[in-house]
Amino acid sequence: MKAEIFGVLVVIALLGPAQRALAINQPNIVLIYADDLGYGDLSCYGATAVTTPHLDQLAAGGIRFTDAHSTAATCTPSRFAMLTGRYAWRQQGTGIAAGNAPLIIDTEATTMASIAREAGLKSSVIGKWHLGLGNGQIDWNQKIAPGPLELGFDECFLVPATGDRVPTVYVENHHVVGLVPEDPLVVSYGKPIGDDPTGAERPDLLKQKPSHGHDNTIHNGVSRIGYMSGGEAARWVDEDMADTLTTRANDFIRRKAAAKESFFLFFSLHDIHVPRMPHQRFVGKTTMGPRGDVILQADWCVGEVMQQLESVGVADNTLVIFTSDNGPVVDDGYHDESVSKLGNHDPAGGLRGGKYSAFEAGTRVPMIARWPGTIAAGEVSGALVSQVDFCADIASILGVTLTPSQCVDSQEQVAALIGKDATGRRSLVEQSGCLALRWENWKYIEPSQGAAFAKTTSIELGNHATAQLYDLDKDPGERTNVIGDNAKLAKDLAGTLKWMRQNTP
Ligand code: NG6
Ligand code: CA
């Protein structure tokens, strides 16, 4: 194999999105995207410190993947690649976005939403966005565009960036929700603005104190990244966010079902990102403090949406995919007892690393798909699958033909998604501070000058000055670098990665 591997890899890398469409009934598509949920955080993935009945039930009614990947170990690049079918490392400026960043997806790009639209589906994104809005110099008191509506979504209800970044307001379609003209909303990621207290000056006002950063404007007893002033009436209540977003998601489903319209819903949960502020009914319901409680809350959101699909009669004709945008992190910047109450729970489920890391826990995430009649119940698949393929997959499922210049990194892998192919991809790229290449059971991590451990989270980042190679079949925890015994393979993989960087398939 080794002699030809470079050529084979290049050919595979060259394969564009598949042109064929599956002759199956057009379903609705619901993509539920958790934030920072790790491979080991659900009971159907082996967690015992927390029980996630709704996700376990979803898995029991569909397929659960054991080698599914986000494209990156942080949020913005993962979301960019999933929505566009194009790896984020191909485009500058796709790292973790500030709360006032401009839209980073080209409005001409093909997206999951534009594909759904071409197929006649109505679509909405509800929840965390974190891909920027507007053209720069955003005025939150005016029309905010471009954003999801310029990328093919018919409607949106957004947490613009993250819960820990200002502004702490929702954006519906082109406007901040609940803003009154007498109290304009102003945001700064530079110098402090306005009279609101900051976490740095007034720690006494905080109900959750920062452990790293997060000490700018205080809202609702939590200091955030960035400064904001005004917009009081529009500011969210963190503890109500899961309810607010779920209500919106279920309302969209109800409206579409009532109108007999097919739909694509991208339901982008805030949980389990920081600040972890569960609703009172989940507080203390696990032994793990807020991080455990918001896992329960995320599970509840999934249960509510499944129940709504049932009650409006579309559950059997809906492909539901649940997954996470990157791997787990325990302390991600607030003192929220996530470390002190972790106990024996392993958010990474035995994998090495976590959020931000080049090791497997950075991008290997839970993924469950349910589609009655097409996906058999109770399947478990070890196929190598990636969120970058969702574009080509939904295009194929919905009968939309993509040209080779659309969604360039997205490979049609529907057979793996529905459990008819146990192999999936042969290769994929994992992005963190550096790039890594998965090739079947092999994992090559390029040399990187980055730190070995993250200063703020103490996660092992997987960076090393020289290249690393792991055999994940024999060593899923990436403990033994076997590059010395496999120099030719490593060289081929390095060459393939270099080729992929320099060429667009
Ligand atoms: C980091 C933040 C972290 C989180 C992350 C983005 C600090 C110290 N850390 O810079 O709290 O917000 O960015 O997370 O500020 S992500 O899931 O949206 O990528
Ligand atoms: Ca994330």
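Refer to the preceding data block for the structure.
Small disclaimer: the values here were computed from a predicted structure and weren't measured. (Residues numbered from 1 in each chain as written. Chains lettered and ligands numbered in written order. Predicted model: local features only at pLDDT ≥ 70, side-chain atom pairs only at ≥ 80, totals over all residues. Heavy atoms only, no water.)

(A) Quick peek at the overall build of the protein chain. Counting its secondary structure elements, the protein chain contains nine helices and 20 strands. The globule rule puts the C-alpha radius of gyration for 505 residues at 23 Å, and the 22 Å found for the protein chain is close to it. Split into buried and exposed, the 505 residues of the protein chain put 62% on the buried side. Look at the contacts in the protein chain between residues 6 or more apart in sequence, and 74% of them connect residues 24 or more apart. A distance of 3 Å separates the average location of the 43 positive side-chain charges in the protein chain from that of its 58 negative side-chain charges. (Helix = DSSP H or I, 4+ residues; strand = E, 2+ residues; numbered from the N terminus. Rg over C-alpha atoms; globule rule 2.2 N^0.38 Å. Buried < 20%, exposed > 50% of the residue type's maximum accessible area, 1.4 Å probe, protein only. Contact = heavy atoms within 4.5 Å. Lys, Arg positive; Asp, Glu negative; His and termini not counted. Charge placed at Lys NZ, Arg CZ, Asp CG, Glu CD.)

(B) Representation of the site of ligand 1 within the structure. Residues in contact with ligand 1 amount to 19 residues; listed here are only the nearest, Cys75, Asp164, Arg165, Asp332 and Lys355. Arginine 165 is positioned such that a nitrogen or oxygen atom in its side chain is 2.8 Å from an oxygen atom of ligand 1. Between ligand 1 and the protein, one listed contact pairs an oxygen atom with a side-chain N or O atom of histidine 273 at 3.0 Å. Within the complex, 87% of the 450 Å² of free accessible area of ligand 1 lies under protein. Among the residues making up the shell around ligand 1, the classes are represented as five nonpolar, seven polar and seven charged. (Near = heavy atom within 4 Å. Polar contact = N/O pair within 3.5 Å; in protein donor to acceptor, adjacent residues only side chain to side chain. Areas by Shrake-Rupley, 256 points an atom, 1.4 Å probe, with all protein chains shown as cover. Nonpolar A, V, L, I, M, F, W, Y, C, P; charged D, E, K, R; others polar.)

(C) Spatial organisation of the sheet that holds strand β17 (residues 427–431). If you trace the four strands from one edge of the open sheet to the other, you get β17-β18-β19-β20, paired in antiparallel fashion. Because the sheet does not close on itself, it has two edges, and the strands there are β17 and β20 (468–471). Adjacent strand axes in the sheet meet at a mean angle of 20° when their direction is disregarded. Direction of pairing for strand β18 (residues 435–439) relative to strand β19 (residues 442–445): antiparallel, over a ladder of four bridges. When the bridges of β19 are listed, tryptophan 439 appears paired with tryptophan 442. (Pairing = 2+ DSSP bridges. Axes fitted to C-alpha atoms, helices over the stretch in contact; angles between N-to-C directions.)

(D) Main features of the environment of histidine 219. For histidine 219, the location among the structural elements is in strand β9 (residues 218–219). Between the C-alpha atoms of histidine 219 and leucine 206, which are 13 residues apart in sequence, the distance is 9.0 Å. Apart from the residues lying within four places of it in its own chain, the contact partners of histidine 219 are Thr168, Arg224, Met228, Arg235, Trp236 and Asp238.

(E) Structural detail: the packing of helix α2 (residues 53–60) against helix α6 (residues 290–311). Contact geometry for α2 and α6: axes closest at 7 Å, N-to-C directions at 55°. With respect to α6, the element α2 is oriented oblique. Between α2 and α6, the contacting residues are Pro53, His54, Leu55 and Leu58 on the first element and Asp299, Trp300, Val302, Gly303 and Met306 on the second. (Parallel < 35°, antiparallel > 145°, perpendicular 65-115°, else oblique.)

(F) The arrangement of helix α3 (residues 75–84) in detail. Among the 10 residues of α3, 10 are classified as buried, and the element is accordingly described as predominantly covered. Residues of α3 that are buried: Cys75, Thr76, Pro77, Ser78, Arg79, Phe80, Ala81, Met82, Leu83 and Thr84. Looking at the buried side of α3, the elements it contacts are β1 (28–34), α4 (112–118), β4 (122–128), β12 (263–268), α7 (390–398) and β17. Positive backbone phi, approximately 70°, marks glycine 85, located one or two places after α3.

(G) The coordination of the calcium ion (ligand 2), seen in detail. All of the protein donors around the calcium ion (ligand 2) are Asp35 (OD), Asp36 (OD), Asp325 (OD), Asp325 (OD) and Asn326 (OD1); their distances to the metal are 2.2 to 2.7 Å. Note that the calcium ion (ligand 2) binds six donor atoms; their angles at the metal cover 51 to 177°, and the shape is irregular. Each donor residue of the calcium ion (ligand 2) lies on the same chain, and together they follow the pattern D-D-x288-D-N. With respect to burial, aspartate 35 and aspartate 36 carry one shared label: buried. (Donors = N, O, S within 2.8 Å, 3.2 Å for Na, K, Ca; no water. Tetrahedral: all angles 85-135°; square planar, octahedral: opposite > 155°, others 65-115°.)

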